[in-house]
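What follows is each chain in one-letter form.
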Amino acid sequence: MIPKVKKMLDLSQPVYHACPGWPTYDPTIVGYEARHATHDFEAERIDLNAHTGTHMDAPYHFIETGTPVDQMDLRLFQGRGIPFDLRNIGQMGIEAKHLEACGTDIGEGDIALLYTGWAQKRGMNKEYLYAWPYVTGEAAQWLVDKGVKGVCIDGLSVGGWPEGTGRPPHEILLGHEVMITEELYMDEELLAEKEWYVIALPIKLQGGSGAPTRVVAMTFA
């Protein structure tokens, strides 16, 4: 029997022309192949880096021999999502003590939803593009030790700009086949429940290091 959905949240940020993205990447271009006024139908053309907007990082992103996004186990893309209220972190690295202080019940096969409040800052401004809270290597290892299969964050990356490449958390998480999904939309409604059923489906980009992803969180009646 298919369970009845009680509540559904869209945890995805929109993609649009010149939307925010990693500062060193070319800006996103959204153009048109056809318009209603001239063709009687509409068709858009998109030029963007695969790691723009809400997107998933595959192990291949940081590990040359790692799994590309189209070959990732489909079971990684869904599971119990546990929110972490990290809005008090500010512009700093998220450490294991910050995760522990949330007092969440997270364990084997869960997806960590790291809510920092950064989604509300989204825009072409220095704070959003350079100063988001990031996951330290220590915190990444803490999550791996908990047995999580996914880590989602509302900033541009799990890695931080101060670290340059953001390698520590990426290498630790992706090295253990932990799904990373970045630049989600999260707000206080996420905290209304202690757990959600999360589905994060990336487009099937052959050989890709990552891909745009639509993320939803659900509760059931």
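On a predicted model such as this, the values are computed, not experimentally measured, just so you know.

Engineer: Looking at this model, I keep getting lost on the pattern of salt bridges. Mind explaining?
Structural biologist: The full count for this structure, using the stated rule, is 12 salt bridges. Between D10 and R214 there is a salt bridge, with the nearest N and O atoms lying 2.8 Å from each other. Linking D10 in strand β1 (residues 5–10) with R214 in strand β12 (residues 210–220), this pair joins segments that are 204 residues apart in sequence. Residue class for D10 comes out partly exposed when judged on its relative accessible area of 34%. We note a salt bridge from K97 to E95, for which the minimum N-O separation is 3.8 Å. Of the residues examined, K97 reaches a relative accessible area of 53% and is grouped as exposed. Put simply, R80, D110 and E195 are held in one network by salt bridges that share partners.

Engineer: Just to check I follow, could you spell out the packing of aromatic side chains for this structure?
Structural biologist: Summed over the entire model, instances satisfying the criterion amount to 5 aromatic pairs. Look at F84 and W142: their rings are 6.4 Å apart centre to centre, the planes differ by 85°, and that puts the pair in the edge-to-face class. Of this pair, F84 sits in strand β5 (residues 78–85) while W142 is found in helix α4 (residues 137–146), placing the two residues 58 residues apart along the sequence. With respect to burial, F84 and W142 carry one shared label: buried. Here the aromatic rings of Y130 and W161 are separated by 4.9 Å at their centres, their planes lie at 85°, and the arrangement is edge-to-face. In this pair, Y130 is assigned in helix α3 (residues 126–130) and W161 in the loop between β9 (150–153) and α5 (167–175), connecting sequence segments 31 residues apart. What links up through ring pairs into an aromatic cluster is the set W22, Y130, W132 and W161. The ring of W118 carries the charged tip of K121 above its face, separated from the ring centre by 4.9 Å.

Engineer: Hey, could you run me through the layout of surface pockets in this one?
Structural biologist: In this approach the atoms are scanned with a rolling probe the size of a water molecule, which exposes any empty space left behind. Volume-wise, the largest pocket comes out at about 240 Å³. As for the largest pocket, its lining consists of 13 residues, of which I82, P83, G103, T104 and K194 are closest to the centre. Among the residues making up the lining of the largest pocket, the classes are represented as 5 nonpolar, 2 polar and 6 charged. Estimates place the volume of the second largest pocket at around 200 Å³. Forming the walls of the second largest pocket are 14 residues, and the residues nearest its centre are P14, V15, I46, L48 and P212. Among the elements that make up the lining of the second largest pocket, the one with the highest residue count is β12 (3 residues). Across the lining of the second largest pocket, the residue classes break down as 7 nonpolar, 6 polar and 1 charged.

Engineer: Before we go on, may I ask you to explain the environment of D110 in this structure?
Structural biologist: You can see D110 is positioned in the loop between α2 (96–101) and β7 (111–115). Taking the relative accessible area as the measure of exposure, D110 reaches 6% and is therefore buried. Separated by 29 residues in the primary sequence, D110 and G81 have C-alpha atoms spaced 5.9 Å apart. Beyond its immediate sequence surroundings of up to four residues, D110 is in contact with R80, I82, D105, G147, V148, K149 and G150. A polar contact of 2.7 Å, which involves the side chain of D110, links it to the side chain of R80.

The rules behind these values
Residues numbered from 1 in each chain as written. Predicted model: local features only at pLDDT ≥ 70, side-chain atom pairs only at ≥ 80, totals over all residues. Heavy atoms only, no water. Salt bridge = Lys/Arg side-chain N within 4 Å of Asp/Glu carboxyl O. Helix = DSSP H or I, 4+ residues; strand = E, 2+ residues; numbered from the N terminus. Buried < 20%, exposed > 50% of the residue type's maximum accessible area, 1.4 Å probe, protein only. Phe/Tyr/Trp six-rings, centres within 6.5 Å; stacked < 30°, edge-to-face > 60°. Lys NZ or Arg CZ within 6 Å of the ring centre and 35° of its normal. 1 Å grid on protein atoms, 1.4 Å probe; cavity = no way out; pocket = protein on both sides within 12 Å on 5 of 7 lines; lining within 4 Å. Points joined across faces, edges and corners; volume = space filled by probe spheres on them. Nonpolar A, V, L, I, M, F, W, Y, C, P; charged D, E, K, R; others polar. Contact = heavy atoms within 4.5 Å. Polar contact = N/O pair within 3.5 Å; in protein donor to acceptor, adjacent residues only side chain to side chain.

Purely geometric numbers; function is a separate question.
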